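Spelled out, the chains give:
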Amino acid sequence: AIRSASHKPGVFVQISGVGAYGMSEDKVFTESDDYGADFGASVTRAWEASTAQIEEMGVRRVVARTGVVLHAKKGALPRMLLPFKFFVGGRLGSGRQWFSWIHLADAVRGIRFLIDTPQAQGIFNLCAESVTNREFAREVGKAMRRPAFIPVPGFVLKLMFGEMSTIILEGQNVTAKRLQELGFQFLYPKIDAAFREIL
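Thresholds applied
- Residues numbered from 1 in each chain as written.
- Predicted model: local features only at pLDDT ≥ 70, side-chain atom pairs only at ≥ 80, totals over all residues.
- Heavy atoms only, no water.
- Axes fitted to C-alpha atoms, helices over the stretch in contact; angles between N-to-C directions.
- Helix = DSSP H or I, 4+ residues; strand = E, 2+ residues; numbered from the N terminus.
- Left-handed = near helix turned anticlockwise from the far one by under 90°.
- Contact = heavy atoms within 4.5 Å.
- Nonpolar A, V, L, I, M, F, W, Y, C, P; charged D, E, K, R; others polar.
- Expected span 1.5 Å × (residues − 1).
- Buried < 20%, exposed > 50% of the residue type's maximum accessible area, 1.4 Å probe, protein only.
- Polar contact = N/O pair within 3.5 Å; in protein donor to acceptor, adjacent residues only side chain to side chain.
- Phe/Tyr/Trp six-rings, centres within 6.5 Å; stacked < 30°, edge-to-face > 60°.
- Pairing = 2+ DSSP bridges.
- Patch = residues over 30% accessible without salt bridge, like charges linked within 9 Å, V, L, I, M, F, W, Y side chains within 5 Å.
- Areas by Shrake-Rupley, 256 points an atom, 1.4 Å probe, with all protein chains shown as cover.
- Salt bridge = Lys/Arg side-chain N within 4 Å of Asp/Glu carboxyl O.
- 1 Å grid on protein atoms, 1.4 Å probe; cavity = no way out; pocket = protein on both sides within 12 Å on 5 of 7 lines; lining within 4 Å.
- Points joined across faces, edges and corners; volume = space filled by probe spheres on them.

K.L.:
What exactly am I supposed to notice about the packing of helix α4 (residues 133–144) against helix α8 (residues 191–198) here?
P.N.:
What describes two packed helices is the angle between their axes and the distance between those same axes. Contact pair α4 / α8: the axes reach a minimum separation of 9 Å and the direction vectors enclose 35 degrees. Pair α4 / α8 crosses with right-handed handedness. Two secondary-structure elements touch here, α4 through Phe136, Glu139, Val140 and Ala143 and α8 through Ile191, Asp192 and Phe195. Residues belonging to the contact of α4 with α8 are distributed by class as follows: 5 nonpolar, no polar and 2 charged.

Structural data, given as C-alpha cells:
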C-alpha cells in the first residue's frame, strides 16, 4: 500500500516487544543490542523484518519495542494481581528475573513523541526502569496492602505452563536509552509511582 501510494506517509510506526533481546539476569539491554537466540527473539526478528523495506521507500520508520504495558483492567497486570487479591502473592521462581514494564499513559505518550519527533528513526525501547520480580511483588503488595511473601516455586510454574514458563521465570533488563536521549520524560519512571496511580 505504501509503495503504490502517490502521497506516502511521513512516518510508519511498528509496535514490537523487548522480547527481541532474549533473556538474561545480568545484562542491561539497549537499542544497540542484537536479537537474542530464543524463540521469542526469533519471532520478533521476523516481525520487525517484515517492514524493513519501508525505509527504502523514503518513509521514516520507527520500531517501538515495549515492555509489559501496565493497566488496571487490561493486558497482563490483572492476572498478575490475582494471587495478591487472595492474600497469596509473592515472587515467582527465584525472584531475580528482570521485569521490563511501562505505564499505559507513558506508552501512548512515547508513541506520540516518536511520531512527532522528525529525528526519531529506527528502534526505540518503550520501558521505564526495570525491576526484579521480587521488587515487583513487593511494590504490588505495598500498593494493594496485601502480603507479598508467599513464593511460587519455579517447578510449579513449569508444571502449569510448560515452555511458556520461561517468559515468567526469565526476563530482561531493558532501558529506553535512545528515547530519553531525544528528550522524552516518563510520567511514571518508577514502579511504585505507577502502582500508586494504577491501584
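K.L.:
Explanation requested: α4 in the structure shown.
P.N.:
Note on helix geometry: an α-helix contains 3.6 residues per turn, so any two residues three or four positions apart are oriented the same way. Between the first and last C-alpha of α4 there are 16 Å, a value that for 12 residues agrees with the 16 Å anticipated at 1.5 Å per step. Buried residues belonging to α4 abut α2 (77–85), β5 (98–99), β8 (131–132) and α8. Once α4 ends, the next one or two residues include Arg145, with phi positive near 55 degrees.

K.L.:
Would you mind going over the side chain of Asn173 with me for this structure?
P.N.:
Locating Asn173 in the fold gives a position in strand β9 (residues 173–174). Relative accessible area serves as the criterion here: at 12%, Asn173 is assigned to the buried category. Within polar-contact distance, the side chain of Asn173 engages the side chain of Ser130 at 3.4 Å. With near-sequence residues (within four places) excluded, Asn173 lies in contact with Lys27, Val28, Phe29, Trp98, Ser100 and Ser130.

K.L.:
How should the packing of aromatic side chains be read in this particular structure?
P.N.:
The description of two aromatic rings rests on the distance between their centres and on the angle between their planes. Under the definition given, this model contains 5 aromatic pairs. Seen in terms of ring centroids, Phe136 and Phe195 are 5.5 Å apart; in terms of plane orientation they differ by 70 degrees. Their pairing is edge-to-face. One end of the pair, Phe136, is in helix α4; the other, Phe195, is in helix α8, with 59 residues separating them in the sequence. The pair formed by Phe136 and Phe195 is uniform in burial state, with each residue classed as buried. When the centroid spacing of 5.1 Å and the interplanar angle of 85 degrees are considered together, the rings of Phe184 and Phe186 count as edge-to-face. Grouping residues by exposure puts Phe184 and Phe186 together as buried.

K.L.:
Explain the sheet that holds strand β7 (residues 122–126) to me, please; I cannot follow it from the model alone.
P.N.:
In a beta sheet, neighbouring strands pair by backbone hydrogen bonds and run either parallel or antiparallel. Reading across the sheet, the 3 strands line up as β1-β3-β7 and stay open at both edges, with parallel pairing between neighbours. Only two strands of the sheet have a single neighbouring strand rather than two, namely β1 (11–17) and β7. Here the average twist between neighbouring strands, direction ignored, is 25 degrees. Relative to strand β3 (residues 60–66), β1 is paired through 7 bridges, and the arrangement is parallel. Residue pairing for β3: Ile15 is matched across the bridge by Ala64. Contacting β1, β3 and β7, helix α1 (residues 39–49) crosses the sheet at an angle of about 170 degrees to β1. Sheet strands in contact with helix α3 (residues 104–116) are β1, β3 and β7, and its direction is about 155 degrees off that of β7.

K.L.:
Teacher, can you tell me more about a nonpolar patch on the surface here?
P.N.:
A cluster of nonpolar residues, Leu82, Phe86, Val88, Phe149 and Ile150, forms a patch on the protein surface that exposes about 520 Å² of accessible area. Relative to the helices and strands, Phe149 is located in the loop between α4 and α5 (154–161). Accessibility expressed as a relative area gives 64% for Phe149, which makes it exposed.

K.L.:
Even after reading the chapter, I still don't get the layout of surface pockets, so can you show me in this structure?
P.N.:
To find leftover empty space, one rolls a probe the size of a water molecule over the atoms. The calculated volume of the second largest pocket comes to roughly 160 Å³. In terms of lining, the second largest pocket is formed by Cys127, Ala128, Glu129, Ser130, Asn173, Val174, Thr175, Ala176, Gln180, Gln185, Phe186 and Pro189.

K.L.:
Just to check I follow, could you spell out the pairing of β7 for this structure?
P.N.:
Put simply, side chains in a regular strand alternate between the two faces of the sheet. Of all the 5 residues making up β7, 4 are buried; the element is thus mostly covered by neighbouring parts of the structure. As paired elements, β3 and β7 share 5 bridges and run parallel to each other. Residue Thr66 lies in a different strand from β7, and its bridge partner there is Leu126.

These figures capture arrangement, not role.
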